[in-house]
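Descriptive structure summary
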Amino acid sequence: LKCDNVKIGPQTQKTNSKGVATFVISSTDAGTFKYTVEFTSINEYASQTLDINITYKKLTTTIIQSVPDTIQAYTDFTITATLGQKINDGTITIHIGNDKYTGTPIDGVFSKTITKEVYSVGTYSIYVEWSGDDTYQQLQTISKTVSIQKSNSSINFNLKNSTISLANQASTTITAS
């Protein structure tokens with residue numbers, strides 16, 4: 001048995017009582033490989049050679065992105081991408097608008113905390129992609145629109161001497177925080 005003209009497996013394999021020879025083959029790479037089987041006759045049967053192409057496809061997995069629906073401006077937020085298997089290979093890229101944040105998954109998970117100063121009030125499209133690896137196909141999530149909203153604010157006044165007599169030309173202090 002040969003794969004892409006390289007001999008694999010045992011040098012010869014005998015047929016069983018039904019005339020069948022069995023070879024166990026495996027591949028760790030995706031792609032199409034040409035296998036050649038040669039039958040060498042020693043009696044009344046003619047020798048034969050057969051070529052067959054076998055295609056190995058990458059496996060599929062899933063990816064889930066965890067993104068808050070709304071975010072308050074000037075607060076940190078975290079985006080997490082989780083693959084369907086505990087994969088420690090490939091690159092996960094988180095896209096926020098035109099920005100990209102990349103990392104390698106650990107046990108199938110990559111998280112990125114975005115600091116509060118990065119994004120101003122507005123609407124942003126967020127999606128996550130994974131480059132794939134030797135075993136699994138690459139993936140991309142569906143884009144999610146996230147709104148970064150104005151943060152709540154409050155004003156407190158501390159007023160000394162709330163009654164001021166203009167005749168006395170008194171002064172007071174107002175502190176706003």
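Our subject is the structure that appears above.
Reference entry: report on the structure contained in this document. The model shown is predicted, which means the values in this text are computed figures rather than measured ones. (Residues numbered from 1 in each chain as written. Predicted model: local features only at pLDDT ≥ 70, side-chain atom pairs only at ≥ 80, totals over all residues. Heavy atoms only, no water.)

Some points on the packing of aromatic side chains
What characterises a pair of aromatic rings is the spacing of the ring centres plus the angle enclosed by the ring planes. Going through the model one piece at a time under the given rule, you end up with 3 aromatic pairs. Considering the side-chain rings of F77 and Y119, the 6.4 Å spacing of their centres and the 50 degrees angle between planes classify their relative orientation as tilted. Of the two residues, F77 sits in strand β7 (residues 77-83) while Y119 sits in the loop between β10 (109-114) and β11 (122-130), which places them 42 residues apart along the sequence. One exposure class covers both F77 and Y119, and it is buried. In textbook terms, an aromatic cluster arises when at least three aromatic residues are bridged by ring pairs, as seen for F77, Y119 and Y124. (Phe/Tyr/Trp six-rings, centres within 6.5 Å; stacked < 30°, edge-to-face > 60°. Helix = DSSP H or I, 4+ residues; strand = E, 2+ residues; numbered from the N terminus. Buried < 20%, exposed > 50% of the residue type's maximum accessible area, 1.4 Å probe, protein only.)

Topic: the sheet that holds strand β5 (residues 63-66)
Taken together, the 3 strands give an open sheet; going across it, the order is β5-β7-β10, and neighbouring strands pair in antiparallel fashion. Both outer strands of the open sheet, β5 and β10, are each paired with one neighbouring strand and no more. If you compare each strand with its neighbour and ignore which way they point, the axes differ by 10 degrees on average. Where β7 meets β10, 6 bridges bridge the pair, whose relative direction is antiparallel. Paired with T78 across the bridge in β10 is T113. (Pairing = 2+ DSSP bridges. Axes fitted to C-alpha atoms, helices over the stretch in contact; angles between N-to-C directions.)

Some points on empty space enclosed by the protein
Counted according to the given criterion, the structure contains 1 cavity of 30 Å³ or more. Every residue along the wall of the largest cavity is listed here: I71, Q72, A73, Y74, T75, F77, T115, K116, Y119 and I148. Tallied by class, residues from the lining of the largest cavity come to 6 nonpolar, 3 polar and 1 charged. (1 Å grid on protein atoms, 1.4 Å probe; cavity = no way out; pocket = protein on both sides within 12 Å on 5 of 7 lines; lining within 4 Å. Points joined across faces, edges and corners; volume = space filled by probe spheres on them. Nonpolar A, V, L, I, M, F, W, Y, C, P; charged D, E, K, R; others polar.)

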